Amino acid sequence: MQEFAGGVAMRYRPLPDGEPIPVLGLGTWGMGEARSSGDDMVAALRLGLDLGMTLIDTAEMYGEGGAEQLAGKAIAGRRDGVFLVSKVYPHNATRAGTIAACERSLKRLGTDRLDLYLLHWRGEVPLDETLDAFAALRRSGKIRHYGVSNFAVADMVELWSRPGGDGTAANQVLYNLGRRGIEWDLLPWCREHRVPVMAYSPIEQGRLLRRRALGDLARRRGATPAQLALAWLLARDPVVAIPKAGRPEHVRENCAALDLALTGPELAELDRAFPPPHRARPLEML
Ligand code: NAP
């Protein structure tokens, strides 16, 4: 499915129930932490939305609510055109705690519903309690879908064994060219179970862009290292990438990655520089 937005054709991936979400969204970690008004961050998010990157990823953790407040300003007046994702802290993820945390997030975001609500990482609270809360939030219309983040394969298998666990709509994990461990087991598992993988830190918070192999290929290709790193992710099924960009030039640059199709020889060159895993590895987190 394609839709022409801002000069670039956005692509979509289906959630397990078939609802399409954009393959390229907007991260917010680090936003809302400074004492400044954050108007520049709001403008960057609004630019991203204008360009068709209509998925915003945030969390109660980011700036302790500050990022949700900025995301709320960015979506004001255009809520229906946005797929809004937020996350609950594991220590809040009890049955009552999840519901209360969601209500606080909704207030900061200035909306009556989240499109996707994720357990940020696995903590001490039994999964059944969080799943129970997710079910109650869905019944009351406060969330439309629920999911998890930083769940390894063993966690996914356990989740699937719990009541409501197989209703999980996404798993958000660290994934980029330099962090390919999930290709051994988690990515195939999610593909088989039709669960989108939301790749966070898709350019390793900028560090990936300093890798020479990426720079060399980008130069030859007439693209930037960030575009190459994002295009590589976007070509992988069932991956959705959520780069964070506070600068407008970065937002535009990232969006243009949608136009970059990598050839077989280019993918092979990237495999040599950033080898896929040859054995199972523990899931990495940032
Ligand atoms: P990232 O998106 O890999 O990198 C963000 C950094 O890269 C920012 O410093 C940004 O700078 C810079 N940047 C963006 N586009 C660029 C470009 N085209 N060229 C050069 N630099 C560029 O890292 P991230 O923020 O950690 O991850 C993305 C999002 O994933 C987060 O914001 C958050 O929403 C989510 N996340 C989730 C988890 C989780 O546990 N679930 C963990 C980490 C992140 P400027 O801001 O100056 O433009």
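Residues numbered from 1 in each chain as written. Predicted model: local features only at pLDDT ≥ 70, side-chain atom pairs only at ≥ 80, totals over all residues. Heavy atoms only, no water.

**Student:** Help me understand the site of the ligand in this model?
**Tutor:** Lining the immediate environment of the ligand, one finds 28 residues, of which Trp 29, Asp 57, Lys 244, His 250 and Asn 254 sit closest. In the model, an oxygen atom of the ligand is placed 3.4 Å from a nitrogen or oxygen of the His 120 side chain. For the ligand, whose unbound accessible area comes to 900 Å², protein coverage reaches 89%. Put simply, the ligand lies in the largest pocket. Ranked by residues supplied to the shell around the ligand, first place goes to helix H9 (residues 248–255) with 3 residues. (Near = heavy atom within 4 Å. Polar contact = N/O pair within 3.5 Å; in protein donor to acceptor, adjacent residues only side chain to side chain. Areas by Shrake-Rupley, 256 points an atom, 1.4 Å probe, with all protein chains shown as cover. 1 Å grid on protein atoms, 1.4 Å probe; cavity = no way out; pocket = protein on both sides within 12 Å on 5 of 7 lines; lining within 4 Å. Sits in = over half its atoms within 2 Å of the grid points. Helix = DSSP H or I, 4+ residues; strand = E, 2+ residues; numbered from the N terminus.)

**Student:** Is there a simple way to think about the sheet that holds strand S9 (residues 197–200) in this case?
**Tutor:** Strands belonging to one sheet form pairs held by backbone hydrogen bonds; the direction of such a pair is parallel or antiparallel. Strand order in this open sheet of 7 strands is S4-S5-S6-S7-S8-S9-S10, and the pairing throughout is parallel. With partners counted over all chains shown, the strands left at the sheet margins are strand S4 (55–57) and strand S10 (239–241), one partner each. Averaged over all adjacent pairs, the angle separating strand axes in this sheet is 25°, with direction ignored. With 3 bridges connecting them, strand S6 (residues 116–119) and strand S7 (residues 146–149) associate as parallel partners. Counted as the bridge partner of Tyr 117 is Tyr 146 from S7. Those strands touched by helix H4 (residues 127–139) are S6 and S7, and its axis lies near 170° from that of S6. (Pairing = 2+ DSSP bridges. Axes fitted to C-alpha atoms, helices over the stretch in contact; angles between N-to-C directions. Contact = heavy atoms within 4.5 Å.)

**Student:** Help me understand unusual backbone geometry in this model?
**Tutor:** Most peptide bonds take the trans form, and the phi angle of most residues other than glycine is negative. Going from Asp 237 to Pro 238, the amide bond is cis rather than trans, its omega being 0°. Tracing the backbone shows Pro 238 in the loop between helix H8 (225–234) and S10. One non-glycine residue, Asn 150, lies in the positive phi region at around 60°. Tracing the backbone shows Asn 150 in the loop between S7 and helix H5 (153–160). Positive phi values are uncommon outside glycine, yet Arg 194 reaches one of about 55°. Judged by relative accessible area, Arg 194 falls into the exposed class, the value being 60%. (Buried < 20%, exposed > 50% of the residue type's maximum accessible area, 1.4 Å probe, protein only.)

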